[in-house]
Amino acid sequence: MLTVDELNDRLIDLAFAEDIGDGDHTTLCCIPEDAMGKSKLLIKEEGILAGIEIAKKVFHRFDPTLQVEVFIQDGAHVKPGDVAMIVSGKVQSLLQTERLMLNIMQRMSGIATMTGKYVARLEGTKTRILDTRKTTPGMRMLEKEAVKIGGGVNHRIGLFDMILLKDNHVDFAGGIAAAITRCHEYLKAKGKDLKIEIEVRNFDELQQVLDLGGVDRIMLDNFTPENTRKAVEMVNGRFEIESSGGITFDTIRDYAECGVDYISVGALTHSVKGLDMSFKAC
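Just so it is clear, the model here is predicted, and its values are computed rather than measured.

About the criteria used
- Residues numbered from 1 in each chain as written.
- Predicted model: local features only at pLDDT ≥ 70, side-chain atom pairs only at ≥ 80, totals over all residues.
- Heavy atoms only, no water.
- Pairing = 2+ DSSP bridges.
- Helix = DSSP H or I, 4+ residues; strand = E, 2+ residues; numbered from the N terminus.
- Axes fitted to C-alpha atoms, helices over the stretch in contact; angles between N-to-C directions.
- Contact = heavy atoms within 4.5 Å.
- Buried < 20%, exposed > 50% of the residue type's maximum accessible area, 1.4 Å probe, protein only.
- Right-handed = clockwise from strand over helix to strand, strands pointing away.

**Q** Lay out the sheet that holds strand E6 (residues 128–130) in plain terms, naming residues and giving numbers.
**A** Ordered in space as E6-E11-E10-E9-E8-E7, the six strands form an open sheet in which the pairing is parallel. Of all strands in the sheet, those with a lone pairing partner are E6 and strand E7 (163–165), marking the two edges. Strand-to-strand twist in this sheet, taken as the mean axis angle between neighbours without regard to direction, amounts to 25°. Both E7 and strand E8 (residues 196–200) contribute to a ladder of three bridges, which runs parallel. Paired with Leu164 across the two strands is Glu197, which belongs to E8. The strands touched by helix H8 (residues 203–212) are E8 and strand E9 (217–221); relative to E8, the strand with the most contacts, the crossing angle is about 150°.

**Q** Could you give an account of the pairing of strand E10 (residues 240–244), naming the residues involved and the relevant values?
**A** With respect to burial, E10 is a largely interior element, four of its five residues being buried. Here E9 pairs with E10 via five bridges, running parallel. Across the sheet, residue Met219 finds its bridge partner in E10, namely Glu242. Crossover handedness for the path E9 to helix H9 (residues 225–235) to E10: right-handed. Relative to strand E11 (residues 262–264), E10 runs parallel, the two being bridged by two bridges. Paired with Ser243 across the strands is Ile263, a residue of E11.

No statement about biological role is implied by the geometric values presented.
Structure follows, in structure tokens:
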């Protein structure tokens, strides 16, 4: 299995390949190969900065001679006019790395900023914000890192590091009991020790899980706040509880105040707005 660094390296290589192709002819036609200069990362919108570390990797993977001076670290609150870093070296390299670095940092900073708003919304409760697998293909590791930078918690990274029995799994398996039983048989046969979460859609399914056990966390799918509170009482601390489905920024605190441990929010990664910033010659 590829490591996080290997996955990110592949992403960077693919991004350069699709952007530069057989050459950045705009830069190559008007900038001498030996021209040297500096560019600054200028923040143009208030938010939480994320992506500085991967930005350094972008620069150094394209041109190891580029020098990066960082003034603001990941996780810091930034405002218009802030300069997060200055990069020095070949002007051709600065121009060819600009867009990829900005694409990554704007998206990561947007995710971190959005996550930070959700985390602040739940201040004073025990509930923690989870991300989902609703990520941009190829960018999952970066987007999930941005969630952590913003104060959220990563759910499973992919299909390999946790069992999550969702509605389709339950239906195809033949019900709650069959799905959980087969899950344990599989883990034993494969010699794997993975946490098990199961999604329930109503109180009948919830009661089946409570009767059978054998899971670590229960996901309440599309429950109302009133039904969530009742479900929390039924579980009575025996399992972790996650709320998911149809929860908005305006309603999320209502769910948290029911006493759930986690709330998963797909919007953190699937519909986020990038944080405005630019890379300007200085």
